[in-house]
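Examining the three-dimensional arrangement
If you want the building blocks of each chain, they are given just below.
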Amino acid sequence: MKYQKPKGTADILPAAAEQWDTVEAKSREVFRRYRYGEIRVPLFESYDLYARSSGDTSDIVTKEMYDFDDKGGRHMALRPEGTAGVVRAYVENKLYGPEYPKPYRVYYMGPMFRYERPQSGRQREFHQIGVEAFGSESPLLDAETIQLGVDLLHNVGVHGLRIAINTLGDPETRTAYHHALVDYFKPHLSELSADSQVRLEKNPLRILDSKDPQDKPLVADAPSILDYLTPAAAAHFQAVKDALDQLHIAYTVDHTMVRGLDYYNHTIFEIMTSSPAFGNKELTVLAGGRYDGLVEQFGGPAVPGVGFGLGVERLMLLVQENEPAPTPAPLNVYIAALSEKAGIQALVLAHAIREAGYTVDMDFLNRKAKGQFKTANRENAQLVITLGDDELANQQASIKQMATGKQIQVPFTTVTGDFQRLYADLVEEGNN
RNA sequence: GCGGUAUUGGUGAAGUGGUUAACACACCGGUUUGUGGUACCGGCAUGCGUGGGUUCGAUCCCCACAUACCGCCCCA
């Protein structure tokens, strides 16, 4: 084969695309109810935009960015996540202005790019559906955002969710906790796994969710961030939990949960589910949190924000499990043309029928009548119009109801003039 | 970035160091004139991911590369 798709990319063929379309349509409906509007931002931005917001030591920046220099010598990158671009647009378009509602809510859907080793549910070009809400630091908005995520997943037919939440606190909390962790692990440096020894330097929080059995006993006794929250941060987290309780959203607090992106603070959350599609392992399908301070970092005013991102490929694996066979759209009319001249007439009739709002297909391979009927049958056509020499001579179409096998003659002028009525009569009769 | 497994037609696949690469499904055609199913008959990979090498000869052995999947890292 001469060309192959780039590693970690996928062709989404019509049958699958239809399922994607359904999921996207259902998502938009949920967003509409929550008063989120769509925003479309560039697929690539300045490299610095992603590098600064994600954090210089994050894996996304250090090894996963698809970056390139354009012909003007600008260092650009394909977006690895959605929030940075949206925040940039929020600032650049001054959407924090007094004329805009607060919170200002937007959603996006589209491809993201990360240079990673592909696995199932994990690609180099993948898709996310995400939301961002700017301008309120209310914990109620955190809770609403989590509720939105749950509603979204339920709406597309995914259930059996587990919701984990945690708080990263405010900057003061983070500094204090960071010190506490380093103080705790430093004396045990040699007992840590090689990976975690590196993590202690780069990002001590990461040690907490290490899967290495060597780290587990140490992590079990590590200090919890929940003990280092400032009073304000603790109050915020408590308010989020209270709101979730009132919404009857079951959650677990996982104080070892961390984030791959540096800009998060206060509430973070993940919605997970286990499924045969993931080898019965629990996999995160939606994740997000609060990012107060990011807008300011991008040169805007001190506007808080909260949002989430949802992995569409992972979601589709779950959706396809529930409804594996999308029903093909039925064909209203198939036109069997038995000569070149009849083909031209078929084209004319097909157009008239399409204008009347019906689906039509016809033969383009000069096949014999039998072959054309076979195709019509396979496409589940309700009516077949046969055009041969006789029909052309009489200016009448032979119309067969496939369900009953009954065939009648109808003048071309009736087909082109009032197909809706003709169709209603024939198909209704066919059903009786 | 590291480790492992895999790669035969449109699909599922069998197969062997040696002249015609099973079988099934799908598809196409035929079984007398322009009609759907079934049945029967016929067609359908000059090729076994790509490029090298070993060999008298490789789809089968060796090497490299590519891609997919699994684990690690990390993540949606």
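Analysis parameters
- Residues numbered from 1 in each chain as written.
- Chains lettered and ligands numbered in written order.
- Predicted model: local features only at pLDDT ≥ 70, side-chain atom pairs only at ≥ 80, totals over all residues.
- Heavy atoms only, no water.
- Helix = DSSP H or I, 4+ residues; strand = E, 2+ residues; numbered from the N terminus.
- Rg over C-alpha atoms; globule rule 2.2 N^0.38 Å.
- Buried < 20%, exposed > 50% of the residue type's maximum accessible area, 1.4 Å probe, protein only.
- Contact = heavy atoms within 4.5 Å.
- Areas by Shrake-Rupley, 256 points an atom, 1.4 Å probe, with all protein chains shown as cover.
- Near = heavy atom within 4 Å.
- Polar contact = N/O pair within 3.5 Å; in protein donor to acceptor, adjacent residues only side chain to side chain.
- Nonpolar A, V, L, I, M, F, W, Y, C, P; charged D, E, K, R; others polar.
- Domains from an automatic or database assignment.
- Core = buried A, V, L, I, M, F, W, Y, C linked by side-chain atoms within 4.5 Å.
- Pairing = 2+ DSSP bridges.
- Axes fitted to C-alpha atoms, helices over the stretch in contact; angles between N-to-C directions.

A closer look at the overall build of chain A
Along the backbone of chain A there are 16 helices and 16 strands. Radius of gyration (C-alpha) of chain A: 29 Å, far over the 22 Å computed for a compact globule of 432 residues. Once the C-alpha set of chain A is aligned to its principal axes, its extents read approximately 95 × 50 × 50 Å. Buried residues in chain A amount to 49% of all 432 residues. Pairs at least 24 residues apart make up 69% of the contacts formed inside chain A by residues separated by at least 6 positions. Carbon together with sulfur atoms contributes 50% to the accessible area of chain A, which is approximately 22,200 Å² in total.

Structural notes on the protein's contact with RNA strand B
Taken together, 48 residues surround RNA strand B, and among them Arg199, Arg206, Gly260, Lys281 and Met402 come closest. Restricting the count to atoms of RNA strand B within 4 Å of the protein gives a sugar and phosphate share of 57%. At a separation of 3.3 Å, a base oxygen of RNA strand B approaches a polar side-chain atom of Lys63. Put simply, the parts of the chain that give the surface near RNA strand B at least two residues each are α3 (59–63), β6 (125–134), α7 (194–202), β10 (282–290), α13 (369–378), α14 (389–394) and β15 (396–401). Broken down by element, the residue count for the surface near RNA strand B peaks at six residues, all from α13. Tallied by class, the residues present in the surface near RNA strand B amount to eight nonpolar, 16 polar and 24 charged.

Describing the domain arrangement of chain A
For chain A, the assigned domains read domain 1 (14–169 + 233–322), domain 2 (171–229) and domain 3 (333–431). The straight-line distance from the C-alpha centre of domain 1 to that of domain 3 is 50 Å.

Quick notes on the nonpolar core
Ranked by size, the top nonpolar core spans 40 residues in total, and within it Phe31, Tyr36, Leu148, Leu153, Leu286, Leu310 and Leu315 carry the most contacts. The element that contributes the greatest number of residues to this core is helix α5 (residues 139–155), accounting for seven residues. Ignoring anything within four residues of it in the chain, the contact list for Tyr36 reads Phe31, Arg105, Val106, Tyr107, Val131, Glu132, Ala133, Glu144, Thr145 and Leu148. Judged by nonpolar contacts, the second largest core, of 36 residues, contains Ala164, Met257, Tyr263 and Tyr291.

Comments concerning the sheet that holds β15
In a beta sheet, neighbouring strands are held together by backbone hydrogen bonds and run either parallel or antiparallel to one another. One open sheet accounts for five strands, arranged β13-β12-β14-β15-β16; its pairing is mixed. Strand pairing shows two members of the sheet lacking a second neighbour, β13 (360–362) and β16 (407–411), which therefore form its edges. When the angles between neighbouring strand axes are averaged without regard to direction, this sheet yields 25°. Relative to strand β14 (residues 383–387), strand β12 (residues 333–337) is paired through five bridges, and the arrangement is parallel. When the bridges of β14 are listed, Tyr334 appears paired with Val384.

Looking at the environment of Asp262
The topology assignment puts Asp262 in the loop between β8 (252–253) and β9 (265–274). Judged by its relative accessible area of 33%, Asp262 is partly exposed. Spatially, the C-alpha atom of Asp262 lies 9.0 Å from that of Arg52, the residues being 210 residues apart in sequence. When residues no more than four places from it in sequence are discounted, the contact partners of Asp262 are Ser53, Ser54, Gly55, Asp56, Thr57 and Arg174.

Description of the pairing of β10
In the sheet, β9 pairs with β10 via eight bridges, with the strands oriented antiparallel. Residue pairing across strands places Ser274 opposite Glu282, the latter belonging to β10. Strand direction decides the pairing type here: β10 and strand β11 (residues 305–311), joined by five bridges, are antiparallel. Residue pairing in the sheet places Leu286 in a bridge with Leu310 of β11.

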